[in-house]
Amino acid sequence: MKRDQRYDAIIVGGGVAGLSAARQLQGTGSSVLVLESNLSPGGRLRSPRIEGSVFDDGAPFFQVHDVRFQRIVDRWIASGIVREWTRGYVRDDGTVDADGEPRYCGVPGMSAIPEALAEGLSVRCNARVTAVREEGGAYTVFTSDAQEFRAVSVILAVPVPHVPSMLHKVDSLIEKELQSIRYAPLLTILALCTEDDPVPGPGIVQPGGPVASLIVDNTKKGMPSDRSAVAIHTTTAFSRQFFDRPDGVVIAAVVGAVEKWLDLSRARVQVTRWPHARVLQTINRPYVTISKSPPLVCAGDGVAGTRVEQAAMSGIDAAEHVRELLGLPEASSEL
Ligand SMILES: Cc1cc2nc3c(=O)[nH]c(=O)nc-3n(C[C@H](O)[C@H](O)[C@H](O)COP(=O)(O)OP(=O)(O)OC[C@H]3O[C@@H](n4cnc5c(N)ncnc54)[C@H](O)[C@@H]3O)c2cc1C
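Residues numbered from 1 in each chain as written. Predicted model: local features only at pLDDT ≥ 70, side-chain atom pairs only at ≥ 80, totals over all residues.

A. Quick peek at the overall build of the protein chain. Of regular secondary structure, the protein chain possesses seven helices and 19 strands. Scaling as 2.2 N^0.38, a compact globule of 335 residues should have a C-alpha radius of gyration of about 20 Å, and the protein chain matches this with 20 Å. Across its three principal axes, the protein chain shows a C-alpha extent of roughly 60 × 40 × 35 Å. In the protein chain, which comprises 335 residues, the proportion classed as buried is 49%. Pairs at least 24 apart in sequence give 69% of the contacts found in the protein chain among residues at least 6 apart. (Helix = DSSP H or I, 4+ residues; strand = E, 2+ residues; numbered from the N terminus. Rg over C-alpha atoms; globule rule 2.2 N^0.38 Å. Buried ≥ 20, exposed ≤ 12 C-beta atoms within 10 Å, placed from the backbone. Contact = placed C-beta atoms within 7 Å.)

What follows is the structure, given as structure tokens:
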């Protein structure tokens, strides 16, 4: 069904990049619509509940290196959306590496960040974008449920492998650049443990070895749970090998690798599959301009880096670029 309204910008993807872009553009007084394929925004910042316990099954925390992002994070801390969690982690031998690097988490979970960013935005969930076509100096955006939306500009803030199938034609150099961006899959195992305090110290263990790369006790982040709610992240090699295997096979292969810390065989467990979890190869650019007129820009981690911080800043930078291309006024408020 075709909509009559023409937005200044449509943002495809409601992860931290897309929501940051949308807020930045909305701050200029522009009309903005976010189209998100999932049932709720957040992307890889997600805090599902299992039997009353809350887990982060995507990014468990983030770090800050950019002073611009630090200012945003400071405001999030002041409004209670984020808090500093820890400045260290536990090595496989049980000793703590107090590296002094602040690691921040959402309150109560990482999904608090996209929830706060989405406030006041027009976000349409369950809207999987299948195509973006230029027609008469603007874009028509098509979704899988046969809806059509019109906008003067579009920001694609989805994992880059989703981009080519949405577009009719892309300059071959840009296409090559986008194709060079690579992601790794990741399997996360969420476990409601029977042990009282399976992950010592601050609640992050980097176990080493070929199976598990990180064990995080969400309870230690202050997330609501009456038992230890632990997320185990598997290595890229393991995730690739076991991505399509049944849950039982995945869990059986992980039990031995983490037995030093917890007894997975007695825990209530659930497996999450992220096909595009961590960026392996980035082009380290704030955004990629696919078209200047009408503006069509690609943003998110992958383009800009590998982490939450770079995804958020990429969204903001892409929105600023679109604002300039459209000749819109500067944003009146900061993110
Ligand atoms: C298990 C795991 C651990 C991680 N650990 C860390 C960490 O410790 N520190 C850190 O900084 N980062 C970490 N990351 C990476 C971090 O989560 C990402 O860099 C960041 O969240 C990416 O944000 P984004 O908005 O670019 O993409 P996403 O969060 O992927 O958002 C893209 C959105 O687009 C939507 N979408 C996709 N296709 C379509 C479509 N066709 N139509 C409409 N919508 C669509 C998706 O549903 C999604 O909501 C981790 C990620 C995972 C999965």
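Moving on, there is more to tell.
B. Layout of the site of the ligand. Lining the immediate environment of the ligand, one finds 36 residues, of which G13, G15, G43, G300 and R307 sit closest. Elements with a minimum of two residues in the shell around the ligand: α1 (16-26), β13 (182-192), β17 (268-281) and α7 (308-326). Here the residues of the shell around the ligand sort into 18 nonpolar, 12 polar and six charged. A domain-level breakdown of the shell around the ligand finds at least three residues from each of domain 1 (2-44 + 115-181 + 282-326) and domain 2 (89-107 + 183-280). (Near = placed C-beta within 6 Å. Nonpolar A, V, L, I, M, F, W, Y, C, P; charged D, E, K, R; others polar. Domains from an automatic or database assignment.)

C. Up close: the nonpolar core. Ranked by internal contacts, the top residues of the largest apolar core, which has 70 residues, are I10, A21, V154, I155 and C298. If one sorts the elements of this core by residue count, α7 sits on top with eight residues. Residues in contact with A21, not counting those within four places in the same chain, are I11, I155, A157, A299, G315, I316, A318 and A319. Ranked by size, the runner-up nonpolar core spans 37 residues in total, among them V216, M223, I232 and V271. (Core = buried A, V, L, I, M, F, W, Y, C linked by C-beta atoms within 7 Å.)

D. Region of interest: α1. α1 sits mainly inside the fold: 11 of its 11 residues count as buried. If you check which residues of α1 are buried, you get V16, A17, G18, L19, S20, A21, A22, R23, Q24, L25 and Q26.

E. Region of interest: the pairing of β13. As judged from the 10 bridges shared by β13 and β17, these two strands associate in the antiparallel manner. Bridge pairing in β17 places A191 opposite V269. (Pairing = 2+ DSSP bridges.)

F. Quick look at unusual backbone geometry. The omega angle of the peptide bond from V107 to P108 is 0°, so this bond is cis rather than trans. Following the sequence through the fold, P108 ends up in the loop between β8 (103-106) and α3 (112-118). A cis amide bond links S293 to the next residue, P294, at an omega of -5°. Along the polypeptide, P294 turns up in the loop between β18 (288-292) and β19 (295-298). Not every positive phi belongs to a glycine, and E51 is a case in point at roughly 45°. Inspection of the secondary structure puts E51 in the loop between β3 (49-50) and β4 (53-54). Phi at N284 takes a positive value of approximately 55°, unusual for a residue other than glycine. A tally of 10 C-beta atoms within 10 Å means that N284 is categorised as exposed.

G. Summary view of the environment of A9. Tracing the backbone shows A9 in strand β1 (residues 2-12). Taking the C-beta count within 10 Å as the criterion, A9 has 29 such neighbours and is therefore assigned buried. Sequence separation of A9 and L214 is 205 residues, and the distance between their C-alpha atoms is 38 Å. With sequence-adjacent residues up to four places away left out, A9 is seen in contact with L25, S30, V32, A151, S153, V154, I155 and V322.

H. Representation of the domain arrangement of the protein chain within the structure. Taken as a whole, the protein chain is organised into domain 1 (2-44 + 115-181 + 282-326) and domain 2 (89-107 + 183-280). Look at where the C-alpha atoms of domain 1 and domain 2 centre, and you get two points 32 Å apart. Taken together, the contacts link eight residues of domain 1 with six residues of domain 2. Taken together, the residues that form the side of domain 1 that touches domain 2 break down as two nonpolar, four polar and two charged.

I. Just the sheet that holds strand β16 (residues 229-234), in detail. Here we have seven strands laid out as an open sheet, ordered β7-β6-β14-β15-β16-β13-β17, and mixed in their pairing. The two strands at the open ends of the sheet, each matched to only one other strand, are β7 (96-97) and β17. As defined by bridge partners, strand β15 (residues 212-217) adjoins β16 across five bridges and the pair is classed as antiparallel. Looking at β16, one finds that V216 is bridged to A231.

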